Amino acid sequence: MAAEVQALEGGLGGSVRVGAVTGPAVGLLVPAVRALKRAAPEAEVSVDVAPSRELLRQLSAGEIDFALGRVLPEFDSRLFEVHPMRDEKLALLVRQGHPLARAASVTLTQLMDYEWIMQERSAPIREATLEAFATVGLAEPKNIVGSPSLLFMIAYLSRSDAVAAMSEEVAQLLTRPPVAAGFAVLPLPREVRVSPYYLLSLRRRPLSPVALRLRDLVISLADQPAYDGDGRPA
């Protein structure tokens with residue numbers, strides 16, 4: 001019993017439940033959880049991947065310990081401890097056999113008439129994509145399928161010439177070994193950035209030692225200029 005108590009106090013035992021939007025779930029939580037499990041294999045870790053609105057609802061209800069997401073106006077930001085993290089770089093993903101997959105550079109004008117699959121309206125990645133079209137004087141694409149499901153996006157892309165906008169971390173996961181799932185990233189002439197996300201926790205709910213340990217690992221990874229999928233500097 002004493003050993004179990006010491007493990008809990010040292011952040012080497014107990015349970016932690018966290019949530020994240022897709023980009024930081026892939027880019028930060030995967031290596032952070034792996035690092036935690038190497039130090040504390042008996043710690044119970046649960047991860048939810050969802051839009052910021054659902055994450056903030058869960059966080060407000062005390063269902064998760066902390067979240068990587070964006071603060072939305074319908075939630076009182078005074079309820080949360082807010083730690084600035086990063087913005088996200090947008091990537092446009094297509095199947096490897098797409099007509100533009102091997103192009104040296106692709107403009108948004110070339111993509112206007114293609115089918116698109118995007119997240120729901122008001123989602124930051126979708127809004128950043130549409131803003132990129134507006135910035136170069138183009139209307140938004142007319143042929144759009146909307147879905148918040150990454151799995152549905154992947155399945156749809158693999159069977160069509162559609163274009164999907166997603167975070168760079170997710171695109172890299174799908175196009176590089178060991179996954180290398182038969183997709184390609186279209187090279188745009190200029191970067192498109194998505195609004196920053198934050199590490200959020202409830203002010204009125206102190207984090208457990210294991211949740212603090214995972215939180216510190218996430219922050220440490222985010223402070224590194226580059227890292228690989230194991231959480232080590234690239």
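Refer to the structure presented above.
First things first, this report covers the structure right here in the doc.

About the criteria used
- Residues numbered from 1 in each chain as written.
- Predicted model: local features only at pLDDT ≥ 70, side-chain atom pairs only at ≥ 80, totals over all residues.
- Heavy atoms only, no water.
- Core = buried A, V, L, I, M, F, W, Y, C linked by side-chain atoms within 4.5 Å.
- Buried < 20%, exposed > 50% of the residue type's maximum accessible area, 1.4 Å probe, protein only.
- Helix = DSSP H or I, 4+ residues; strand = E, 2+ residues; numbered from the N terminus.
- Contact = heavy atoms within 4.5 Å.
- Polar contact = N/O pair within 3.5 Å; in protein donor to acceptor, adjacent residues only side chain to side chain.
- Salt bridge = Lys/Arg side-chain N within 4 Å of Asp/Glu carboxyl O.
- Axes fitted to C-alpha atoms, helices over the stretch in contact; angles between N-to-C directions.
- Nonpolar A, V, L, I, M, F, W, Y, C, P; charged D, E, K, R; others polar.
- Pairing = 2+ DSSP bridges.

1. What about the nonpolar core?
Argument step 1. Core analysis: the largest hydrophobic core is formed by 24 residues, its most contacted members being V16, L28, L68, M85, L199, L214 and V218.
Argument step 2. Of all the elements, helix α8 (residues 209-223) adds the most residues to this core, at 7 residues.
Argument step 3. Setting aside anything within four residues of it in sequence, one finds L199 in contact with F66, A67, L68, E81, V82, H83, M85, R215, V218 and I219.
Argument step 4. Listed in part, the 23 residues of the second largest apolar core include L90, A101, V163 and A165.

2. Thoughts on the side chain of E88
Argument step 1. Of note, E88 is situated in strand β5 (residues 88-95).
Argument step 2. On the accessibility criterion, E88 (2% relative accessible area) is buried.
Argument step 3. Polar contacts involving the side chain of E88 include one to the side chain of R70, which spans 2.6 Å.
Argument step 4. In this structure, E88 is in contact with G23, P24, R70, S167, E169, V192, R193, V194 and Y197, ignoring residues within four places of it in sequence.

3. Observations concerning unusual backbone geometry
Argument step 1. Here the residue pair P177 and P178 is connected by a cis peptide bond, since its omega of 10° sits within 30 degrees of zero.
Argument step 2. Along the chain, the position of P178 falls in the loop between α7 (168-175) and β9 (183-185).
Argument step 3. Of note, S122 is a non-glycine position whose phi angle comes to about 85°, a positive value.
Argument step 4. Summarising the element assignment, S122 is placed in the loop between β6 (116-118) and α5 (124-135).
Argument step 5. The backbone of A180 shows a phi angle near 40°, a positive value even though the residue is not glycine.
Argument step 6. Mapped onto the elements of the fold, A180 is located in the loop between α7 and β9.
Argument step 7. A relative accessible area of 43% means that A180 is categorised as partly exposed.

4. Quick look at the pattern of salt bridges
Argument step 1. As enumerated under the stated definition, the model contains 15 salt bridges in all.
Argument step 2. Between D216 and R215 there is a salt bridge whose closest N-O contact spans 3.9 Å.
Argument step 3. Owing to a relative accessible area of 46%, D216 belongs among the partly exposed residues under this scheme.
Argument step 4. Overlapping salt bridges, with partners in common, bring together D87, K89, E168, E191 and R193 in one network.

5. Quick look at α7
Residues spaced three or four apart along an α-helix point in a common direction, a consequence of the helix completing one turn every 3.6 residues.
Argument step 1. Buried within α7 we find E169, V170, A171 and L174.
Argument step 2. Summarising the contacts, the buried residues of α7 are in contact with α2 (22-39), β5, α6 (150-158), β8 (163-167) and β9.

6. Brief notes about the packing of α2 against α7
Argument step 1. Here α2 crosses α7 at 65°, and the two axes come no closer than 7 Å. Residues T22, G23, V26 and G27 of α2 touch α7, and the partners they reach there are E169, V170 and L173.
Argument step 2. Within the contact of α2 with α7, the residues separate by chemical class into 3 nonpolar, 3 polar and 1 charged.

7. Examining the sheet that holds strand β3 (residues 66-69)
Argument step 1. Taken together, 5 strands build an open sheet; the order of strands is β2-β1-β3-β11-β4 and the sheet is mixed. Edge positions in the sheet fall to β2 (44-49) and β4 (80-84), since each has one partner strand and no second. Taking the axes of each pair of neighbouring strands and ignoring which way they run, one obtains an average angle of 20° across the sheet.
Argument step 2. Across the sheet, α8 is in contact with β1 (15-20), β2, β3, β4 and β11 (198-202); its angle to β1 comes to roughly 40°.

8. A word on the side chain of Q58
Argument step 1. Within the secondary structure, Q58 is located in helix α3 (residues 52-60).
Argument step 2. With residues near it in sequence (within four places) discarded, Q58 still touches R17, D48, E63 and I64.

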